[in-house]
Amino acid sequence: MTLKDFLERVNRNDLDKMMIFREGKGWSNIKIKVEENEISISCDRNRPFSSD
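Residues numbered from 1 in each chain as written. Predicted model: local features only at pLDDT ≥ 70, side-chain atom pairs only at ≥ 80, totals over all residues. Heavy atoms only, no water.

Colleague: Tell me about the overall build of the chain, and please be specific about residues and values.
Modeller: Looking only at helices and strands, the chain features 1 helix and 2 strands. By the burial criterion, 6% of the 52 residues in the chain qualify as buried. Surface exposure of the chain reaches about 5,600 Å², of which carbon and sulfur atoms provide 49%. (Helix = DSSP H or I, 4+ residues; strand = E, 2+ residues; numbered from the N terminus. Buried < 20%, exposed > 50% of the residue type's maximum accessible area, 1.4 Å probe, protein only. Areas by Shrake-Rupley, 256 points an atom, 1.4 Å probe, with all protein chains shown as cover.)

Quick look at the structure:
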């Protein structure tokens, strides 16, 4: 999916909403990397809270 394809699915009134990436249980911060031919989204393994 291209960024253009993604944005076509988003209502203009929703552009200020937060994006949440969910993978399994809980949530993680995400990393976004923009390169010449792609935009990569990956999970940040450093959790905001730990059980330590």
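Colleague: Now, about the pairing of strand β2 (residues 39-43): what can you tell me, with residues and values included?
Modeller: The pairing of strand β1 (residues 30-34) with β2 spans 5 bridges and is classified as antiparallel. The residue of β2 that forms the bridge with isoleucine 32 is isoleucine 41. Taking the residues between adjacent antiparallel strands as the criterion, β1 and β2 are bridged by 4 residues. (Pairing = 2+ DSSP bridges.)

Colleague: So what's going on with the layout of surface pockets? Residues and values would help.
Modeller: One number sums up the size of the largest pocket: a volume of about 240 Å³. Lining the largest pocket, in full, are Met1, Thr2, Leu3, Phe6, Leu7, Met19, Ile32, Ile39 and Ile41. Those elements giving two or more residues to the lining of the largest pocket turn out to be α1 (3-8) and β2. A per-element tally of the lining of the largest pocket places α1 first, with 3 residues. Across the lining of the largest pocket, the residue classes break down as 8 nonpolar, 1 polar and no charged. (1 Å grid on protein atoms, 1.4 Å probe; cavity = no way out; pocket = protein on both sides within 12 Å on 5 of 7 lines; lining within 4 Å. Points joined across faces, edges and corners; volume = space filled by probe spheres on them. Nonpolar A, V, L, I, M, F, W, Y, C, P; charged D, E, K, R; others polar.)

Colleague: Break down the pattern of salt bridges for me, citing the residues and quoting the values.
Modeller: Going through the model one piece at a time under the given rule, you end up with 2 salt bridges. The partner of lysine 17 in a salt bridge is aspartate 14, with the nearest N and O atoms 3.1 Å apart. Residues lysine 33 and glutamate 35 are paired through a salt bridge, measuring 3.2 Å at the closest nitrogen-oxygen approach. With a relative accessible area of 40%, glutamate 35 lands in the partly exposed category. (Salt bridge = Lys/Arg side-chain N within 4 Å of Asp/Glu carboxyl O.)

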